[in-house]
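Fold and contact review
Listed below, chain by chain, are the residues.
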Amino acid sequence: MTQSASLPTEIRHNALLQLLANSLVLTHTTPYLSSYDVLNLAATSRNFRYIVYSTPHLFSRLDLTTVRKAQYIEEKSGRGGEPDGDQTEDDVYSGHLRRIFTSLRCLDILRHVQVLCLDGLSLTSELVHEIITDPTYSVKILSIRHVVNMNEAKLRATLQYACRPSRPEGTPRLKGLYVFGPKDSARPALTSSGASTPTSTCSSISWDASAVGADQESEAWYAKRGAQFPVLSGNTQQWAAWAPTLVACHGIIAFDAVLCTGPRHLNSRAWGTVDVEALSAAGNPASKDVPIHAVATHSLGGCAGCGSAPEGWTIWGEEPPTERDPSERRASEGGTMTTDIGRFPLLAPPPMHSVSLKSAMCPTGQSVYTRLSQFRSKGEQARFIPRCYDCIRDRYCNCCNKWWCETCYVGPWASVPNGEASRAKMADLARVHKSCWECGMNCRDCINDTQRMCNRCGGGYCLIHNEGSNHITCDWCSARGRAGVRHPELY
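Residues numbered from 1 in each chain as written. Predicted model: local features only at pLDDT ≥ 70, side-chain atom pairs only at ≥ 80, totals over all residues. Heavy atoms only, no water.

1. Thoughts on the nonpolar core
Grouped together as the largest cluster of nonpolar side chains are 81 residues, with contacts concentrated most on Leu64, Phe101, Leu118, Ile144 and Phe255. Here the element with the most residues in this core is helix 10 (residues 236-248); it accounts for five residues. In contact with Phe101, not counting residues within four places along its chain, are Leu64, Leu110, Leu116, Leu118, Leu127, Ile131 and Tyr137. Trp403, Cys405, Val432 and Cys443 belong to the second largest nonpolar core, which has 18 residues in total. (Core = buried A, V, L, I, M, F, W, Y, C linked by side-chain atoms within 4.5 Å. Buried < 20%, exposed > 50% of the residue type's maximum accessible area, 1.4 Å probe, protein only. Helix = DSSP H or I, 4+ residues; strand = E, 2+ residues; numbered from the N terminus. Contact = heavy atoms within 4.5 Å.)

The structure is reproduced here in structure tokens:
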């Protein structure tokens, strides 16, 4: 029996009370607890209730993703999820969340919530409109990633209406919206008496450090290269629909995605410095229809040729030279344009101990005060190049994330006279090729590392996607053994 367990209950109760009476300890502890556990703590005694409800900013962050009553259950509706009688779709799909918000409003908690996480829940655009426009809400950062029953067209209309030029001064209160990225992974297991307890509730504040390191992923945009939203990368229509919304909200509401800065887009600093007609003529015919604005879906490093890009890097802490707002409007704060909003993406997860927008955008290891980041060396700077898929078509390797900018590489058709372009000539000039349907467009180095010719049947195969293959034989010949003979004409 440990020494703490042998102490009387009253002494242990008072020790916890004295510990949580320190507002600094309390505000840094409660973000790791669910709202259910915080309210249960307040119901323990009058002293705990006074501490919980009298501490300022204790409920500034509210995460309902793990709350049981916040989950939508289809069987609760009378007609299997459809409106019944006088019920509307908003009543069916968001009624449970509205009841929670009503209870929090009665407890005088809702007005203190500034960071609200509703990832994966059933949510409608009407409720989002209410959260943005209703003065009883004070939400500055909202996370609605992978929500269900959401009408995205109405959501985009709501955001564009909230950021209209004729909006009232000081609105909208919302400054950051997580909507594109994946949901945050489950919290690591908490430790109790040194043992990992995956099924335990949030009754302890000791984190399992090994679980954190095992599940930790590369930070989006700055550390993670390539496609940032693999699930949505192929949905070009969805990205095209969101581009006008990001333009309308530029400088007012930040998202977990940014606009593409390629030289083909109007908002790029390299607009007009690259011959777009030559790029369209020398590239893939599909690359001719590039919109004026586009949402960036890929984070790239420097060009394989020059080490940079025509528009330059997006560097945390660096002031943009002469970057203009895509649509001239006034800002929502102080009447001046906040250049960081819309230029830097929000980073997951939403901030735990702060409601500042810069904290949500600040990369790991960097200073929230952007001016201090200017004194870092190039190797210590957090930087990336945001591009859409249309701007890197036929010039980006899906395997190693290597790419060539418009200055170093115009396109495979650039040196081929009209009418004399052959497939062999095109293959020699192209920097990337598609030798495997699963791998996509890869550079020659990656193709040499992953593609092989079978010594038995002479067929080509991929070492990554043809399971059972080796460096000598393909998967079919390896499975059949020495007697197996594969006929290429049948495949």
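2. Quick look at the packing of aromatic side chains
For the coordinates displayed, the defined rule picks out 13 aromatic pairs. Pairing Phe180 with Trp242 gives two aromatic rings, centres 5.1 Å apart and planes at 75 degrees, and the pair type is edge-to-face. Here the residue Phe180 occupies a position in the loop between strand 4 (176-178) and strand 5 (190-192), and Trp242 occupies one in helix 10, the gap between them amounting to 62 residues. The exposure classification of Phe180 matches that of Trp242, with both residues buried. Site record: aromatic cluster; members linked through ring pairs are Phe180, Trp221, Tyr222, Phe229, Trp239, Trp242, Phe255 and Phe384. Its guanidinium or amino end placed over the ring of Trp313, Arg383 lies 3.9 Å from that ring's centre, counting from NZ or CZ. (Phe/Tyr/Trp six-rings, centres within 6.5 Å; stacked < 30°, edge-to-face > 60°. Lys NZ or Arg CZ within 6 Å of the ring centre and 35° of its normal.)

3. With respect to the confidence of the model for the protein chain
Mean pLDDT over the protein chain: 79, with 73% of residues reaching 70 or higher. Below a pLDDT of 50 lies the segment residues 328-337, which in the model reaches 29 contacts outside its immediate sequence neighbourhood of four places, other chains included. (pLDDT = per-residue confidence, 0-100.)

4. Here we look at the sheet that holds strand 9 (residues 298-300)
One open sheet holds the four strands; their spatial order is 7-9-11-10, and the pairing between them is antiparallel. On the outer flanks of this sheet lie strand 7 (226-227) and strand 10 (314-315), each paired with one strand and no other. With two bridges joining them, strand 10 and strand 11 (residues 383-387) adopt antiparallel strand pairing. Paired with Thr314 across the two strands is Phe384, which belongs to strand 11. (Pairing = 2+ DSSP bridges.)

5. Side note on the packing of helix 7 (residues 125-133) against helix 8 (residues 152-162)
Remark: helix 7 packs on helix 8, axes separated minimally by 9 Å, with the N-to-C direction vectors making an angle of 15 degrees. With respect to helix 8, the element helix 7 is oriented roughly parallel. Crossing of helix 7 against helix 8: the hand is right-handed. Residues Ser125, Glu126, Val128, His129 and Ile132 of helix 7 lie in contact with helix 8, whose contacting residues are Lys154, Leu155, Thr158, Leu159, Tyr161 and Ala162. The residue inventory of the contact of helix 7 with helix 8, partitioned by class, reads six nonpolar, three polar and two charged. (Axes fitted to C-alpha atoms, helices over the stretch in contact; angles between N-to-C directions. Parallel < 35°, antiparallel > 145°, perpendicular 65-115°, else oblique. Left-handed = near helix turned anticlockwise from the far one by under 90°. Nonpolar A, V, L, I, M, F, W, Y, C, P; charged D, E, K, R; others polar.)

6. Some words on helix 7
Among all positions in helix 7, only Ser125, Leu127, Val128, Ile131 and Ile132 are buried. For helix 7, the angular spread of the buried residues around the axis is 155 degrees, confining them to a single face. If you follow the buried residues of helix 7, they end up packed against helix 6 (89-106), strand 2 (115-117), strand 3 (141-143) and helix 8. (Arc of directions from axis to C-beta.)

7. Comments concerning the sheet that holds strand 1 (residues 61-63)
Reading across from one edge, 1-2-3-4-8 is the order of the five strands in this open sheet, with parallel pairing throughout. Each edge of the open sheet is held by one strand with a lone partner, namely strand 1 and strand 8 (254-255). Bridge count for strand 4 against strand 8 is two bridges, and the pairing is parallel. For Leu177, the partnering residue across the bridge sits in strand 8 and is Phe255.

8. Focus: the pairing of strand 11
For strand 11, the buried fraction is high: four of the five residues fall into the buried class. Direction of pairing for strand 9 relative to strand 11: antiparallel, over a ladder of three bridges. Looking across to strand 11, one finds that Leu300 is bridged to Ile385.

9. Focus on the pattern of salt bridges
Scanning the model with the defined rule gives 12 salt bridges in all. With a shortest N-O distance of 2.9 Å, Asp184 and Arg145 are connected by a salt bridge. Of this pair, Asp184 sits in the loop between strand 4 and strand 5 while Arg145 sits in the loop between strand 3 and helix 8, placing them 39 residues apart in sequence. Via salt bridges that share partners, Asp90, Arg98 and Glu130 belong to a single interconnected network. (Salt bridge = Lys/Arg side-chain N within 4 Å of Asp/Glu carboxyl O.)

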